[in-house]
Amino acid sequence: MLRMPGPSDARIATADRIAKAVLWVFTALAVVSTAGMLLFAAGGARASTLVPMKPQDAAGGTLLLKSNADGGTFAVPLLATDVEIRVAGLVARAVVRQRFRNPHPDWYEGIYVFPLPESAAVDHLRMRIGERLVEGEIREREAAKAAYERAKQSGQRATLLEQERPNIFTSSVANIGPGEEIEVELEYQQRLRYEQARYSLRFPMVVGPRYIPGTPDAALLGTGWAPGTDQVPDAARITPPVLRPGADVAPVNPVTLRVTLEAGVPLAAVESAFHPVQVRETSPSRREVVLEGGTYAARDFELAWTVAPDRAPRVAFFTERRGERHYALLMVMPPAGERIRASLPREVIFVIDTSGSMHGASILQAKEALELAVLRLGPRDRFNVIEFNSGASMLFTDARAATPETTAIATRWIRALRAQGGTEMAKAVGLALRGRERPDRVRQVIFLTDGAVGNEDALFRLIAERLGDSRLFTVGIGSAPNSHFMTKAAQAGRGTFTYIGKPEEVKQRMTELFAKLESPVLKNVRVEWPGGAQVESWPRPLPDLYLGEPVVVTAALARAEGEIVVSGMLGDAPWRAVVPVSAAPEGRGMGVLWARDKIAALMDSLRDNAPEPEIRAAVVDLALTHHLVTKYTSLIAVDRPPARPETVPLKSAALPTNLPDGWTYDAVFGELPQGATDARFDLLLGALLLAAALLAFGARRRLAA
Amino acid sequence: MRHAVVPYPDVALGVECAFPAPQRAFGGRERRARWVRGAATVLAAALLGAGLWQSGQGVYVHAKAALAQALMHRAWARTLAGEREVRPWSWADTWPVARLLVPELEVELFVLAGANGRAIAFGPGHVFGTPLPGETGNSVIGGHRDTHLAFLRDLEPGVEIIVERPDGARRRYRVDWMRVVDKREVWVLENEGPTRLTLITCYPFDALRAGGPLRYVVVARAT
């Protein structure tokens, strides 16, 4: 290093020392503040141990209870599950066999909480003891439970199957003798999911931690804070063993699974997303899929397949005769792949919520989504934008063609939007739905909002009244949009509901929605049944058919004759298909599908404040006729001869549930509201900065001296 | 090696790395001292500004939370007198829907319509789509763990919570259970089961920053 010798070398050295001192002070300050923050955080962690659990357990839904769930070991019956699923067209029928084995010298009761697909209609229960088979019968829930308790007390073998939530069931098996094996066989039926030219079938292998026995499921809340809370519903004395993450326990409940796929049309590709499978091709439209051995119930099974593409919508129709009635499943398949050439020009009305509740991330997401949407419009499309808060205002007085000029104006207008004021949604709905219908255009209203309104019911009525031939689509924005409003408004508007939860999702979700909206395959879908009024069909009303979606209708008919006419507008041309009823292939389980649809509609009406006793009576009636497990009905099988001598006590054990690999959460949309501010952090950081400022002023004074 | 090593007189080395930089490049020592002083002043001023701004933000959150609740008293009085959706200040996007009392902890809070970030800055918010507090079903209320709902950590089973409805009627609840859940566990919002109050806030209570995945849930059953 080169230094020029001079008289003021000493002064430089002083400045140097001071500068170094300042540097040291800041380094020390940084170290202290880091340590302080760590201590602060550690303090938080210490405080959280006041509750007897760790947060990582909490994420799994473990109880904050004074229960001694960890104390003692449990002698537990073992369980194995075999699943056989048959897929025919759009319907899957599954047989699930649960083998309860008791390796212990005592008599046991086994209780197992397990998931089934959300749309599953469970209609059969069989109990197999050695060679004997006992068929389950459907009863009202309370009656079934009472029968089970009676059988349990008198030493008879019995199985009870109850629905806890639409996708969570509990099977209880009473009186499994020492070393004995009891097989519980249940059957369910479901419709497959079909989107973007891809069918998928899902079998949930494990109840997510939130559903472990002991989760105070809303239906079980009755037992309250008492130690009974963390127990399965009907076994007050049992504390269910739960395989905790990290616990040194081998996985329980091995699963075998076999799927027979009969697509009806030639298949293109079949794949399993998460599990190794063997696929055997038995014919162009048929596959046998077997899950490879050694799989434990730790992750949901998903099988997806595509069929060879076709051009025009095809109509599929199956009927089933049960007693005096015929049940039918009608399916309109959209063509996959190629975009419809003659799609109708659209008139798109965007409505954006700029009320105060949208402030922050929500309005940014909404604006981004809206801008993307406007830029995607084609030159033949017309559009307008409406914003609403305390009032509603429109970008153009009437819908304009989407030219580069108009879209540029719209983009500037959108960018300038600010979120403030009230939420007067009715005005916006009025403006959006006042347009006159034009037969040569598809009119779509896209509503971007968090749905933070209190007068939902009035809005649903308004939408239904004014809808005409328009279609209303809701796009839910923000972390906690009002789901009830979103779904019901879309239903009233005969459109769909898209949920955007995270900023990163805006682009993908909006692109998907627009790809769909740009190609309405079939508009004004109508199904005319023979025999007119004698038909009861679901859903009501029928939605339009978009690219990648089939319309599926279930119906109950008085007579199976005549012709069904399915009609609609395909692009700008009328389209019509005639299906002779008598030619329909006989299918199985159409009645169950129809009943499940009707029950779902009835349960939905509860949310619209339909009187519960009436709905309950209607659901019980349907469920008893169609042998379905519902919220109000359970399946019960009792083996008449008593098995357990009265003098020998019965012990109970809930079966442990495996925790899923990772956390395969089936995106229930929405989250709980967030409840924290950065205030604490701001204050701490502020204090540190102020301290640093003081020090810097001190250093400056010394420098000046 | 991507960079070639260029032989260079050792004069140039060290100049860029030394701290403080050797005097050689500058004209006079006076100028340098003034420069250091100036820099220290700027730094101190910047730190002061940032510190004030940062603390101000923190103070603002608490001030807003407290002030809004004070303004709510009047709006609530008018609500009890029969008006609907009384906005506590004219540009508000929310209004009080219930008054929440916890006598044991001397807590009095006005519950606002909507549990969005905007509303809960001013008070705990009622989650739209769930029954209003005091009505039949599961009424869900969300709020900040460091302002209004900070008292949740002190709740124990059995503590009484009273809800006053807009019509003046009161309903009593007793804390049933508390637990920590993941924010995706939306079953907490379900309406089935007994009439109850579900209070939700962020967890852990002592976390410095907002935005964690955990929520603290307190459920109180109607008595």
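Details of the structure are given in the entry above.
Attention here is on the structure that accompanies the text. Predicted model only: the values in this text are computed from it and were never measured.

Conventions we followed
Residues numbered from 1 in each chain as written. Chains lettered and ligands numbered in written order. Predicted model: local features only at pLDDT ≥ 70, side-chain atom pairs only at ≥ 80, totals over all residues. Helix = DSSP H or I, 4+ residues; strand = E, 2+ residues; numbered from the N terminus. Buried ≥ 20, exposed ≤ 12 C-beta atoms within 10 Å, placed from the backbone. Contact = placed C-beta atoms within 7 Å. Arc of directions from axis to C-beta. Pairing = 2+ DSSP bridges. Core = buried A, V, L, I, M, F, W, Y, C linked by C-beta atoms within 7 Å. Domains from an automatic or database assignment. Axes fitted to C-alpha atoms, helices over the stretch in contact; angles between N-to-C directions. Parallel < 35°, antiparallel > 145°, perpendicular 65-115°, else oblique. Nonpolar A, V, L, I, M, F, W, Y, C, P; charged D, E, K, R; others polar.

1. Looking at the overall build of chain A
Right, on to step 1. Counting its secondary structure elements, chain A contains 12 helices and 33 strands.
Right, on to step 2. The buried share among the 705 residues of chain A stands at 44%.
Right, on to step 3. At a minimum sequence separation of 6, the contacts of chain A that also span at least 24 residues come to 75%.

2. Concerning the overall build of chain B
Right, on to step 1. Looking only at helices and strands, chain B features 2 helices and 8 strands.
Right, on to step 2. Along the chain direction, N to C, the helices and strands of chain B fall in the order α-β-β-α-β-β-β-β-β-β.
Right, on to step 3. Out of the 223 residues belonging to chain B, those deemed buried represent 45%.
Right, on to step 4. For chain B, the proportion of contacts with a sequence separation of at least 24, taken over those separated by at least 6, is 51%.

3. Points about helix 6 (residues 425-432) of chain A
For the α-helix, the turn length of 3.6 residues means that residues three or four positions removed from each other point alike.
All names here are of chain A.
Right, on to step 1. For helix 6, the full list of buried residues reads Met425, Ala428, Val429 and Ala432. Buried residues of helix 6, seen end-on, are gathered within an arc of 100° and therefore sit on one face of the element.
Right, on to step 2. Of the surrounding elements, those touching the buried residues of helix 6 are strand 19 (346-353), strand 20 (382-388), strand 21 (392-394), strand 23 (442-449) and helix 7 (456-466).

4. Looking at the pairing of strand 7 (residues 196-202) of chain B
Residues and elements named next belong to chain B.
Right, on to step 1. Buried residues dominate strand 7, accounting for 7 of its 7 residues.
Right, on to step 2. As paired elements, strand 7 and strand 8 (residues 214-222) share 7 bridges and run antiparallel to each other. Residue Arg196 lies in a different strand from strand 8, and its bridge partner there is Arg221.

5. Considering unusual backbone geometry
Right, on to step 1. Residues Tyr203 of chain B and Pro204 of chain B are joined by a peptide bond in cis, for which omega reads -5°.
Right, on to step 2. Secondary-structure assignment places Pro204 of chain B in the loop between strand 7 and strand 8.
Right, on to step 3. With a phi angle near 60°, Asn175 of chain A is a residue other than glycine that sits in the positive phi range.
Right, on to step 4. Structurally, Asn175 of chain A can be placed in strand 8 (residues 168-176).
Right, on to step 5. Note on Asn175 of chain A: 26 C-beta atoms within 10 Å, which makes it buried.
Right, on to step 6. Although it is not a glycine, Glu85 of chain B sits at a positive phi angle of roughly 50°.
Right, on to step 7. Within the secondary structure layout, Glu85 of chain B lies in the loop between helix 1 (29-80) and strand 1 (96-102).
Right, on to step 8. We classify Glu85 of chain B as partly exposed; it has 15 C-beta atoms within 10 Å.

6. Considering the nonpolar core
Residue and element names in this part refer to chain A.
Right, on to step 1. Grouped together as the largest cluster of nonpolar side chains are 103 residues, with contacts concentrated most on Phe350, Val351, Ile446 and Leu448.
Right, on to step 2. Three or more residues apiece are contributed to this core by two domains, here domain 1 (9-49 + 676-704) and domain 3 (346-518).
Right, on to step 3. If near-sequence neighbours (up to four positions away) are discounted, Leu448 is found in contact with Val351, Ile352, Asp353, Ala366, Ala369, Leu370, Val475 and Ile477.
Right, on to step 4. Core analysis: the second largest hydrophobic core is formed by 88 residues, Trp107, Ile168, Trp305 and Ile636 among them.

7. Let's talk about the sheet that holds strand 3 (residues 125-126) of chain B
Strand pairing in a sheet is mediated by backbone hydrogen bonds. Such pairs are either parallel or antiparallel.
All names here are of chain B.
Right, on to step 1. An order of 1-2-3-4-7-8-6-5 is seen for the 8 strands of this closed barrel, with the pairing classed as mixed.
Right, on to step 2. For strand 3 and strand 4 (residues 138-142), the ladder comprises 2 bridges, and the chain directions are antiparallel. From the neighbouring strand, His126 faces strand 4, where its bridge partner is Ile141.
Right, on to step 3. Sitting on the sheet, helix 1 touches strand 1 and strand 2 (107-113), and the angle it makes with strand 1 is about 115°.

8. Some thoughts on the environment of Phe274 of chain A
Residues and elements named next belong to chain A.
Right, on to step 1. Relative to the helices and strands, Phe274 is located in the loop between strand 13 (267-272) and strand 14 (277-283).
Right, on to step 2. According to the C-beta neighbour criterion, Phe274 is partly exposed, with 15 such atoms within 10 Å.
Right, on to step 3. For Phe274 and Leu303, which are 29 residues apart along the polypeptide, the C-alpha to C-alpha distance reads 8.7 Å.

9. Notes on the packing of helix 4 (residues 361-376) of chain A against helix 5 (residues 404-415) of chain A
Residues and elements named next belong to chain A.
Right, on to step 1. For the pair helix 4 and helix 5, interaxial distance at closest approach is 10 Å and the crossing angle is 180°. On the basis of the axis angle, helix 4 is roughly antiparallel to helix 5. Of the residues in helix 5, those in contact with Lys367, Leu370, Glu371, Val374 and Leu375 of helix 4 are Thr407, Ala410, Thr411, Ile414 and Arg415.
Right, on to step 2. Looking at the contact of helix 4 with helix 5 residue by residue, the class counts come to 5 nonpolar, 2 polar and 3 charged.

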